[in-house]
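# What the coordinates show
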Amino acid sequence: MHPMLFQNKNNVSVAVERAGGPTRVALLLECSGTSVHNWIRRKKITDIKKAAKLAELVGMSVEDLRPCR
């Protein structure tokens, strides 16, 4: 794992870490690694279906990964 990637923890970075890292999440959710890195940077997953799938995989709520603010 890249040491700089998870310096500023947020719910999305924690979920990605729990799931095995950005590359694994990209494979599991059938999206690009760039998308996963963008979610981490923006602190939310824009696609509700992908947020729901990752939340289920790591035992978090969709609201944790898609805040309404």
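For the structure itself, look to the data block above.
Let me sum up the structure you'll find in this document. (Residues numbered from 1 in each chain as written. Predicted model: local features only at pLDDT ≥ 70, side-chain atom pairs only at ≥ 80, totals over all residues. Heavy atoms only, no water.)

## What to know about the overall build of the protein
The secondary structure content of the protein amounts to five helices and zero strands. Listed N to C, the secondary structure of the protein is α-α-α-α-α in terms of helices and strands. In the protein, which comprises 69 residues, the proportion classed as buried is 36%. Taking the intrachain contacts of the protein between residues at least 6 apart in sequence as the baseline, contacts between residues at least 24 apart amount to 41%. (Helix = DSSP H or I, 4+ residues; strand = E, 2+ residues; numbered from the N terminus. Buried < 20%, exposed > 50% of the residue type's maximum accessible area, 1.4 Å probe, protein only. Contact = heavy atoms within 4.5 Å.)

## What to know about a positive patch on the surface
A cluster of like positive charges, contributed by Arg41, Arg42, Lys44 and Arg66, occupies part of the molecular surface. Along the chain, Arg41 turns up in helix α3 (residues 33-42). (Patch = residues over 30% accessible without salt bridge, like charges linked within 9 Å, V, L, I, M, F, W, Y side chains within 5 Å. Areas by Shrake-Rupley, 256 points an atom, 1.4 Å probe, with all protein chains shown as cover. Salt bridge = Lys/Arg side-chain N within 4 Å of Asp/Glu carboxyl O. Lys, Arg positive; Asp, Glu negative; His and termini not counted. Charge placed at Lys NZ, Arg CZ, Asp CG, Glu CD.)

## Comments concerning the pattern of salt bridges
Pairing of side chains with opposite charge becomes possible as their charged atoms draw close. Applying the stated criterion across every chain yields a total of one salt bridge. With a shortest N-O distance of 2.5 Å, Lys9 and Glu17 are connected by a salt bridge.

## A short note on the side chain of Asn10
By secondary structure assignment, the location of Asn10 is in the segment before α1 (11-19). Looking at Asn10, the relative accessible area reads 11%, which means it is buried. There is a polar contact of 3.1 Å between the side chain of Asn10 and the backbone oxygen of Ile40. Not counting residues up to four positions away in its chain, the partners in contact with Asn10 are Ile40 and Lys43. (Polar contact = N/O pair within 3.5 Å; in protein donor to acceptor, adjacent residues only side chain to side chain.)

## Regarding α1
Here α1 has its buried residues at Val12, Ser13, Ala15, Val16 and Ala19. End-on view of α1: buried residues confined to an arc of 160 degrees, all on one side of the axis. As for α1, its buried residues are in contact with α2 (22-29), α3, α4 (48-58) and α5 (62-65). Where α1 starts, the residue carrying a side-chain oxygen 2.9 Å from the main-chain nitrogen of Val12 turns out to be Asn10. Two residues or fewer past α1, Gly20 is found with a positive phi of approximately 115 degrees. (Arc of directions from axis to C-beta.)

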